[in-house]
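What follows is the residue order along each chain.
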Amino acid sequence: MCSALAKKQPPEGLRAHLTRATAATTALACGMPVLDICQATTWTSLHTFTKHYCLDSQISYFSSSPLLSDRNQFPSFFRTIPSDNIQSLGLAQLTIHFGWTWVGIIATDDNYGQLGSQLVQQELNKAEACVAFKEYILPSRPDKNIFHVAQVIKNSTAKAIVVFASFPYLPPLLDEIVKQNVTGKIWIASESWSTYTPLAMEKYSKILAGTIGFAIRSGEMVSFQKYFTSIHPSTSQGDIFMINFWEAVFGCQGLPKGNVISDQKTRNCTGAEKMDNLPINSMMDFRITYNIYNAVYATAQSLEDLRLLHYIKNVRLRREGAETFFDSSGNPPARYDIVNWQQGPDGTITHVNVGSYDSSAPPGKTLNINASAVQWYDASENTLPTSVCSPKCHTGFRKAIISGKPICCFQCVPCAPGEISNRSDSIECFVCPWDQWSNKNRDKCISKRTEFLSYSETFGVILAAISILSSVIPSLIMGLFIYYRNTPIVKASNSHLSYLLLLSLILCFLCSLAFIGYPTQGKCLICQAAFGITFALCVSCILAKTIMVVIAFNATKPNSKLRRWTGHKLSYTVIGVCTLIQVLLCITWLSLSPPFSEKNTNSHPGIIIVECKEGSMIAFWCMLGYLGCLAVICFIVAFLARKLPDSFNEAKFITFSMLAFLSVWVSFIPAYISTKGKYMVAMEIFAILSSSSSLVCCIFFPKCYIIIFRSEMNTKDYLMGRGARQTEI
């Protein structure tokens, strides 16, 4: 409550005189040496004074230092002004409220500035905001470090600046800022200067317009207001302090009943001046006075009881709707007005209440701001300024810390495929569930696209159509062979084996249809087994035909023992045994480790590939290997028989067919291994169709050509050629 203990000197002009006048009135009215504490010049002398000379308690209206909350050193100290530690917390909350996370701090190098700025910095750090710089105004230096501080402010990217400083040191700093033309900054003011009228002048309006900060709360003082408007020097005879107060308020000198002193600069007081005519006659100008007012009534109420200190600790005073009490540290509830410096059309700045801060309010409601009433430095647009080190990371991005820089300085990195961030400034991206994938903006997980070779897509329809049309060709050939069954060319081709081979080729073409469509568990079991068995039947028929060609030629030699093997029994035995081996392989495969349907999420990002897995890869390759062995044996036998002396040697065509067959499946192996999903299925279908077509073309097209277009060649004499004998089997 006194200048030596306060964080700052009392305001000049009217408020200073009101404060002193009211303080003097308080001391005299209470009949106690409360104001004697103003003689203490250091914290140590204060402690000594309060310990040895004061009465039970002291109530300060102006000392806000957190040090005075130490009950060990100052057990009987109370105050009606909030402690600066609460103000620091509130200023940090005010800063975070507007989203300013890149903040500069300016403070005076004294107890008030050091303690206050430290607490503000701590609270900002707790809220994950960053301090771009922290500079001190140095009262001990002649230049006060003003030029350096202004340079730092100018060069910093931080737009929001908390100034926790005593007001006498601000004008030099503001002059330097005006000189360096620093604009576009948001000033957050501590209560020391938030309503300091000398700063609200035109030369500072360009840089201070839009300032927002805390101010000591004012309140209704009905009785004091009546008393204030009625005071007059004539009613206070002999009160020299009242004469000085009157002269300072009205800017005059020499009252009529005193010594009249006149000069050219100051007019004479007439005594007719009236307090009602003062333009500042508003409770907004009585913030410190309001604290004194509460201190007086708190002391007065406690004096009604027997033990002053005990009752001051427990006093709870409610006047004009405001409640005054003290906590265990002697502090009142921290209540501040939030003021905004608004520039009028004429360029003048006024302090407008835009909110409040009340530490006694429920959590989450301590800070109350009417954002629509705030006017920022750009009054034409009046948009909320931003003060961040890095722009906000939108959804779909995450924050990545930049090495060597504060946490508020970061890069916005897009989430990886399959990850999302659905809120701004996310520090990490979240992995989508296994059956979902990130959308294009990486802010939402959507269901993965399911992929398989389907009848509903063009690719699947084309393959299905080719399979069906291809199966028609051997069917037509079979019809042609049946119609011309009595011709030499059909008889020479071993008609019964040809019919069985054509039937197996029809099945080979049609089995590719089993690979198209949704891979259910049943389909996965059937398609590979059907493919293996039908192709084993097909190649077995060709092998039987090749063997029968060789036997038939050698059986015509005199005394040949092969005549007894020229019947149908041998050919059907070869077909049956060779096919049965493949059937047993497939049964073993399906029994021990059968194929199964699987949803593959690893091959292609964002796609669920529904496919048939082979189960046992060994069994799958054994099945293909067995087909390859049959084809190789058939190729060798046909190759050895290619030069038999016949005009129509079928072994030549079988050799070419087996060569084409083996080429297709040898090419299939690396292609099958390197592809995934529906393209792997399409590759197998292509191999089935290609190999089956090669057999049809190489074995049956020459015969069909002779039957249809070269009937003159479809004779026994032509087929026998050069006197060689061809036996019908």
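Residues numbered from 1 in each chain as written. Predicted model: local features only at pLDDT ≥ 70, side-chain atom pairs only at ≥ 80, totals over all residues. Heavy atoms only, no water.

Caption draft 1: Structural detail: the sheet that holds strand β3 (residues 102-108). Strand order in the open sheet made by the eight strands is β4-β3-β5-β6-β7-β12-β13-β14, with mixed pairing throughout. On the outer flanks of this sheet lie β4 (130-137) and β14 (367-369), each paired with one strand and no other. Adjacent strand axes in the sheet meet at a mean angle of 30° when their direction is disregarded. (Pairing = 2+ DSSP bridges. Helix = DSSP H or I, 4+ residues; strand = E, 2+ residues; numbered from the N terminus. Axes fitted to C-alpha atoms, helices over the stretch in contact; angles between N-to-C directions.)

Caption draft 2: The side chain of Ser 512, seen in detail. When you line up the elements, Ser 512 lands in the loop between α14 (495-511) and α15 (521-555). Classification of Ser 512 as buried rests on a relative accessible area of 0%. (Buried < 20%, exposed > 50% of the residue type's maximum accessible area, 1.4 Å probe, protein only.)

Caption draft 3: Spatial organisation of the nonpolar core. Membership of the largest hydrophobic core comes to 71 residues, with the highest contact counts inside it found for Phe 531, Ile 542 and Trp 665. Of all the elements in the fold, those that place two or more residues in this core are α12 (458-483), α13 (488-492), α14, α15, α16 (568-592), α17 (617-640), α18 (650-674) and α19 (678-709). Here Ile 542 is in contact with Leu 501, Cys 634, Ile 654, Met 658, Leu 695 and Ile 699, once residues within four sequence places are set aside. Counting 33 residues, the second-largest nonpolar core is a separate cluster that includes Val 149, Val 152, Leu 174 and Leu 208. (Core = buried A, V, L, I, M, F, W, Y, C linked by side-chain atoms within 4.5 Å. Contact = heavy atoms within 4.5 Å.)

Caption draft 4: Seen up close, the packing of α14 against α19. Packing of α14 against α19 leaves a shortest axis separation of 9 Å and a crossing angle of 155°. For the element pair α14 / α19, the angle class is roughly antiparallel. Crossing angle aside, the handedness with which α14 passes α19 is left-handed. Seen from α14, the contacting residues are Ser 498, Leu 501, Leu 502, Leu 505, Cys 508, Phe 509 and Cys 511; seen from α19, they are Ile 688, Leu 689, Ser 692, Ser 693, Leu 695, Val 696, Ile 699 and Phe 700. Taken together, the residues of the contact of α14 with α19 sort by class into twelve nonpolar, three polar and no charged. (Parallel < 35°, antiparallel > 145°, perpendicular 65-115°, else oblique. Left-handed = near helix turned anticlockwise from the far one by under 90°. Nonpolar A, V, L, I, M, F, W, Y, C, P; charged D, E, K, R; others polar.)

Caption draft 5: How the structure looks around the sheet that holds strand β22 (residues 596-600). Strand order in the open sheet formed by three strands is β21-β23-β22, and the pairing between neighbours is mixed. In this open sheet, the two edge strands, each paired with only one partner strand, are β21 (449-451) and β22. Taken pair by pair, the neighbouring strands of this sheet meet at an average axis angle of 25°, ignoring direction. Bridge count for β21 against strand β23 (residues 607-613) is three bridges, and the pairing is parallel. Counterpart to Glu 451 in the pairing with β23 is Ile 609.

Caption draft 6: Structural detail: the state of the cysteines. Evaluation of the coordinates by the stated rule reveals seven disulfides. One disulfide bridge connects Cys 130 with Cys 408, the sulfur atoms lying 2.2 Å from each other. Since a negative S-S torsion denotes a left-handed disulfide, the Cys 130-Cys 408 link at about 90° is right-handed. Placement of the pair is Cys 130 in strand β4 and Cys 408 in the loop between β15 (397-401) and β16 (410-414), with a sequence separation of 278 residues. (Disulfide = S-S within 2.5 Å.)

Caption draft 7: Structural view of the packing of aromatic side chains. Under the counting rule described, the total for this entry stands at 25 aromatic pairs. Seen in terms of ring centroids, Tyr 483 and Tyr 484 are 4.9 Å apart; in terms of plane orientation they differ by 80°. Their pairing is edge-to-face. The exposed category is assigned to Tyr 483, whose relative accessible area is 63%. Centroid distance Phe 661 to Trp 665: 6.4 Å. Interplanar angle 50°. Geometry classified as tilted. Remark: Trp 665 and Phe 661 occur in helix α18; sequence separation between them is four residues, near one turn of the helix. In this pair, the class of Phe 661 matches that of Trp 665, namely buried. Among the aromatic residues, ring-to-ring pairing joins Phe 531, Phe 535, Trp 589, Phe 620, Trp 621, Phe 661, Trp 665, Phe 668 and Tyr 672 into one connected group. Lying over the aromatic face of Phe 410, Lys 399 brings its terminal NZ or CZ to 4.9 Å of the ring centre. Note that Lys 703 overlies the ring of Phe 700, its terminal NZ or CZ placed 5.9 Å from the centroid. (Phe/Tyr/Trp six-rings, centres within 6.5 Å; stacked < 30°, edge-to-face > 60°. Lys NZ or Arg CZ within 6 Å of the ring centre and 35° of its normal.)

Caption draft 8: Looking closely at empty space enclosed by the protein. Under the definition given, this model contains ten cavities of 30 Å³ or more. What the second largest cavity holds in volume is close to 180 Å³. The wall of the second largest cavity is formed by 19 residues, among which Phe 515, Pro 519, Glu 611, Cys 612 and Val 681 lie closest to the centre. Those elements that provide at least two residues to the lining of the second largest cavity are α15, β23 and α19. Per-element accounting of the lining of the second largest cavity gives the leading share, four residues, to α19. Along the lines of polarity and charge, the residues of the lining of the second largest cavity split into eleven nonpolar, three polar and five charged. (1 Å grid on protein atoms, 1.4 Å probe; cavity = no way out; pocket = protein on both sides within 12 Å on 5 of 7 lines; lining within 4 Å. Points joined across faces, edges and corners; volume = space filled by probe spheres on them.)

Caption draft 9: Molecular detail of unusual backbone geometry. At Asn 145, a residue that is not glycine, the phi angle is positive and equals roughly 65°. Tracing the backbone shows Asn 145 in the loop between β4 and α5 (146-155). Judged by relative accessible area, which is 9%, Asn 145 ranks as buried. Unlike most non-glycine residues, Asn 181 shows phi in positive territory, near 55°. Along the chain, Asn 181 turns up in the loop between α6 (170-179) and β6 (186-189).

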